[in-house]
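Chain residues, written in single-letter form:
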Amino acid sequence: MIASKTTPRRDRWADWAVILVVVAALGLGFLLRENTLYSYSSFAVGDGDISGCVPANWLREYGDDPLLQARDPRSGAFNTKLVLRTRPLAPEMEPILALQSLAMERADAVNAFRALETDQVAVGGRTAIQRTFTYVQADRNPYLDRLPVVVKGVDVVLQDAGRVILVTYLASVDTFDRDYRYFRDFVESIAF
Amino acid sequence: MEEVTCCVCHCPVGADAKRIGGRCFCEYHYAKATQERPSVWRAGLLQILGLIAFVLVVELVVGLTDLTLDGWSLLIAGIVLALVPALLWLLFFYRQDRLEPEPKGAVVGVFVLGALLAQAVGIPLVEQVFDVRRWLPISTWSHIIGSILVVGFTQEFLKYAAVRYSIYPTLEFDERVDGVVYGTAAGLGYATMLNLRYVVDSGGVNLQAGVMRIVVTALAQASFAGLSGYFLGRAKFEDEPVWWLPGGVSLAALLNGLFTYLRGEITTTGLTLSGGGVNPWPGLILAALVAGATFALVFYLIRRANRLTLAGANAKGPVTSERGV
Amino acid sequence: MRKNNGHRSSTRLLIAGLALLAALSCRPSSPETLPTLTPLPTTPTLSEATPVLEQTPEATPVSEDVPEATPQPDAGQVRKNLIRATVQVVALIESGARLQSVWSGSGTILSPDGLILTNYHVAVGYNPGFQPDGLGVAITARSDEPPEPSYFAEVVAADPDLDLAVIQIATDLDGRPVDKDQLNLNYVSVGDSDLLELGDLVQVLGYPGIGGETITFTEGSVSGFTRERGVDGRAWIKTDATIAGGNSGGLAANVEGTIIGVPTQAGRGGATPDDIADCRPIADTNGDGVIGDNDDCVPLGGFINALRPVNLAKPLIEGARAGIASVPQPGSGKAPQPSGQARFYNLVFAPDATDNDQPTQIVAQLPSGATSAVVFWDYEGMANGMIWEARWHHEGEYLEEASRPAGPWSGGARGNWWNGIINADGLPEGTYKVELYVQDELLAEGTIGVGGAATDVPAITNLAFSGTRAESGRPTDVGYLLPSGIDAVYAYFDYDNMRDGMTWSRVWSYEGEQITQDSDTWEGGASGTSWVSISTTEGALSPGSYRLELYVEQALVAASDFTVAGTQAQEAIGPITFAAGVDAQGNPVNPGTSFASGLEALHYVCDYAGMQDGMALAERWLLGGEEIVTFNQTWEWGESGIYHNSIYRTSGDPLVDGQYTLELYIEGQLVQTANATVGSGTPLPTPAPPPEGLYVVGYVYDADTGAGIPGAMFIVLQPGVTIESWDFSDEQVYTSAETDVNGYFELPLPLERGQSYSMLVLAEGYIPDGGNGIPIGDEPSPHNIEIELQRE
């Protein structure tokens, strides 16, 4: 004899099993997403004394100034960028001077530059000064029709012996929050 | 002594009641469970052929008349095209299903439920929470595995749920083949909502490219939902192991993901100096083949199960007894 | 049954709930785009006349200065380059707080950092009271659309006599200074206008209308050349290409696509001077609140068929590049008015002009086969800027292709001028008449015939002067500039077809006034060399301008001017000493011939003696052997002293490295030259021609909607790198481009033919597409590629 209650129990288990399996699959899918979007590869610039991690499938350019520029080729009209520079700084100078001169350089090169806020932040155990700013990037190529993009950016100054290391994050305001994580991971990975 | 009831209608039955796979049935429902419903298969076949013909007609008409629509007229044309696969199947199915027809309200209800689940849960989950469009195409690995784990499981689970939590426990679900019927309905509902969103969110799509995508989506979603519907149909009328249903849904999800990936691969022609294009016809052929194969397989499996049942493996089926809880 | 009812009703509730949720999660669909309007109606444009971006089947052959086995550029690419390099120049004045456009013309971009050649009357204008406050530059991106305003430019070199100016792109439309090195504009190489011959093809591009019209293209051929005093070589190129007023300043290119001329002046098509080319008042220049006939008018229409040869612009271009060119300061008030009545007199004809602007000989008839005819005349009461014209006629028919078009006078108040017609195949025989108009008033005319064999009319040629007397032949120091300490001037000449017994006379003049006149009977035989002289009893000849005229049988057969300047002991201008600076006494500071890089200004000093106020002094500077600027001045610094001047860059930057050469001329005679080197001495590099190869442009579309995908990246990897082996480093990328709002992109670097590249297209939300090892073959450039991407 079959109790009419027992078959429902296995059926209930089966129902829960389906839900379990689906949740597990979605969980794995989420892990895959994290792994795909947020995988990093390491770099070393400046004769090897500055190292860190940049997103693995971003375009990377090495040079003298900036030392490293990584940009996301897929992020639409304005490629989200991470930039690494060093500037010499006399030991008795405040690192904020470097921020100011960088802001002036930038203001000269772009339109509608506005510094938004300047704070002290903790980066990887060190304190650093961070400035958030915004500007409008207008493309000057007369042969293409490009809309100007409102860019929001962050400059962080890390102090080192005799120099400062400037880390910059630039993104279109639409993707700034979404890509902020890359910046945080990048800044915290810098070792010198 | 425990009461023996029919597993379907819960009416008491005698100890010599017919059994399938360990479960008891009353006479009426025993006959129903093993009922063949050729209308389903004919409708399915007609659906596949009809959709292919639909694509060809649209391609021909647009190609020959060089039809160009703009703005509202393009949008409305797209919406009409998006609704065609569902209407077509409903038409075929109801036409074919004359003998002891399934209640129309139930089929349409599951269809609507599938569509609503897509709109309310499925699409937001895939597009916003998981933000699939952003990371799926990055690498082949992420493309395949992501299609299976995220897109596949979400879609298949929702379609399964549209059947499982609505019509499955009721009396209307009284045949093995009902799983496929309602699964297909849920799948088409889901597909119709996907297609409508595709047309409306783009503000109107190119009709020739659009009709391809609409038909491929409809065929694919209906096939995989029909597959998980088969698993459901078996599960209601036979004792199946615990992994049967999750296995079925997972299989459907796996096929769904693989299909998505393959379709993307075979429709993208490589880049040359003459341009890089998209050739949608291989995708249509793949979808038609997959739909045909899936339905043929499910058809064969159900028929075999029904034949086996009727051939007499019933009264002496293994008796499962468990401690009552 | 009740349970099932319960199931059914709960199902319905579920459906209703989901429907509500579904409705709430609906997002608005993407905004509907406007339907595209039909394109603006256009004047015949390139897209109708000749395809631009379509693939032309063959390329026209190209020859650089020396024919080499270089790969031929595609005709389509050449044409596209010409279109992009021809810009519209709009003159703007500040009207209240706004900028208002007052006239427009065309210009040609000569270098990727924004140097543009145009006319003086487009960039500056001849009305000192009405000169533009700014110049707008509009660039054509697609030939079927009107040019798009893109930059503001400034005048960096200008020559009102030649009616040429060079402007430099300075700021973008926001007023923000541009980084010249990042501009990377399409440009046209400078050709050699001296290589043109009659019948050669001329392609003219420009913007005839004042607004809203697209670039136009016309073709014609070279129909004639003219020569004139003040210009070395050809003064004007005449063409039969039909072009209108707004084309002035634009591009006239030869068949190879290099610039050979600047459309400058309106011809009048045989009409009388009363038919003025379309000249309209378009601004309230006299401030009476009304735009009407009392305002200055600007020539807008009419036919242009005169081009200024580009070789005349080369000093301006080099000067602009070096930053040293002379820019006449904006005038303050009206144009200088002539003092008294303008007068042209002493009209004579010669077969040619000598290098220092004297008639080779004076004739009344030219033999058949003569290739040029030149008319000389003296003038007074003129002023620079007055509009004058020389109209030549042959057998009563107006020769538009040989006449000098109406233009501004640049000869000063008084002096001697000449104008000539040339025909390399020999002037057709017949009677030629020349009419000289000033301000549309006929001031002088003369006739000369061409035909017959070289006659036996007495001919005196090679008239030259010296302060010394040679025993036989001529002394070695003959010239046209003599030191003032001499007491006698000997004029040497060759003669032919003379006969003993003829009466001949000499007339000497000083500063336009006759000083002596002699007559004699000829005894020198039929041909040979002889001399005449003049001497003074008062010690030394005064410095100034002299003339000798020789008559045979009352007919003028030779004449020449010469100048006396300087002293016996010292040349008019002494050796040049370069220095980095000059102190208050005029002594050089740090003199030398070699200076370090970064020199702010190059100074020089030189002694002078025996000069006369009123003489013409020219300072001609060359950099790396190329003329960059010539300063013309009228001497006003007395008879003797120390002369000092300098050159510097108007931008304030230090002088560029190179070898600087200074030549000083008095009355057209070279008196001193010296060199100085700044920095390493390597000359300024001229921009190289644009690199060869296949230029790729195209669109990236969404396969479903057909709309362009903005922000998609088209990446070309270095040869040998495959998509799979690419590790996203920039070194492995050959070039890349991002699409604009329409999905349009242009690869900045050309792809090398015969190479294979791997390429891929990425866009967020789309399945990427790519191909490894795509070979580049013979596809015509520019190559248009269309790519469809599927949504994920």
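Residues numbered from 1 in each chain as written. Chains lettered and ligands numbered in written order. Predicted model: local features only at pLDDT ≥ 70, side-chain atom pairs only at ≥ 80, totals over all residues.

Chain B puts 39 residues into the contact, and the matching count from chain C is 39 residues. Where the side of chain B that touches chain C is concerned, the elements lending two or more residues are helix H4 (104-129), helix H5 (132-135), helix H7 (176-201), helix H8 (207-237) and helix H9 (244-267) of chain B. Per-element tally for the side of chain B that touches chain C: the top contributor is H4(B), with 8 residues. Grouping the amino acids of the side of chain B that touches chain C by side-chain chemistry returns 17 nonpolar, 17 polar and 5 charged. (Contact = placed C-beta atoms within 7 Å. Helix = DSSP H or I, 4+ residues; strand = E, 2+ residues; numbered from the N terminus. Nonpolar A, V, L, I, M, F, W, Y, C, P; charged D, E, K, R; others polar.)

Bringing the nonpolar core into the picture now. With 170 residues, the main nonpolar core has C:Ile116, C:Ala123, C:Val137, C:Ala165, C:Val166 and C:Ala373 as its most contacted residues. Ranked by the residues each element gives to this core, the list is headed by strand S5 (residues 148-159) of chain C, at 7 residues. For C:Val166, the residues in contact, after removing those within four places along its chain, are C:Leu115, C:Ile116, C:Leu117, C:Val156, C:Ala157, C:Leu316, C:Ile317, C:Ala320 and C:Ala325. Counting 97 residues, the second largest nonpolar core, distinct from the first, contains B:Leu74, B:Tyr182, B:Leu255 and B:Ala291. (Core = buried A, V, L, I, M, F, W, Y, C linked by C-beta atoms within 7 Å. Buried ≥ 20, exposed ≤ 12 C-beta atoms within 10 Å, placed from the backbone.)

The next thing to look at is the domain arrangement of chain C. Assigned domains of chain C: these are domain 1 (47-53 + 73-285 + 294-322), domain 2 (343-450), domain 3 (459-564), domain 4 (577-678) and domain 5 (696-789). Distance from the C-alpha centre of domain 3 of chain C to the C-alpha centre of domain 5 of chain C: 77 Å. (Domains from an automatic or database assignment.)

Glancing now at the sheet that holds strand S38 (residues 641-648) of chain C. Residue and element names in this part refer to chain C. Strand order in this open sheet of 4 strands is S33-S32-S35-S38, and the pairing throughout is antiparallel. Two strands lie at the open edges of the sheet, namely strand S33 (588-591) and S38, each paired on one side alone. Neighbour-to-neighbour, the strand axes of the sheet open up by a mean angle of 45°, direction not taken into account. As defined by bridge partners, strand S35 (residues 601-608) adjoins S38 across 8 bridges and the pair is classed as antiparallel. Looking at the pairing, Tyr 604 lines up with Asn 645 of S38. (Pairing = 2+ DSSP bridges. Axes fitted to C-alpha atoms, helices over the stretch in contact; angles between N-to-C directions.)

Moving on to the confidence of the model for chain A. Summing up the model confidence of chain A, the mean pLDDT is 87 and the portion of residues at 70 or higher is 96%. Here residues 1-5 of chain A scores under 50 on pLDDT; set against residues more than four positions off or in separate chains, the count is 19 contacts. (pLDDT = per-residue confidence, 0-100.)

What follows is about the sheet that holds strand S36 (residues 616-623) of chain C. Residues and elements named next belong to chain C. Taken in spatial order, the 5 strands of this open sheet run S34-S40-S39-S36-S37, and their pairing is mixed. In this open sheet, the two edge strands, each paired with only one partner strand, are strand S34 (594-595) and strand S37 (626-634). Where S36 lies against S37, 8 bridges are found, and the strand directions are antiparallel. Along S37, the bridge assignment pairs Leu 623 with Glu 626. Docked against the sheet, helix H6 (residues 314-322) engages S36 and S37, running at close to 100° with respect to S37.

It is worth spelling out H7(B) at this point. Each α-helix winds once per 3.6 residues, and so residues spaced three or four apart point in a common direction. Residue and element names in this part refer to chain B. For H7, built from 26 residues, the straight-helix expectation of 38 Å at 1.5 Å per residue is met to within 8% by its first-to-last C-alpha distance of 38 Å. By the criterion of burial, H7 is predominantly enclosed, with 22 of the 26 residues buried. Where H7 terminates, the next one or two residues include Gly 203, which has phi positive at roughly 70°. (Expected span 1.5 Å × (residues − 1).)

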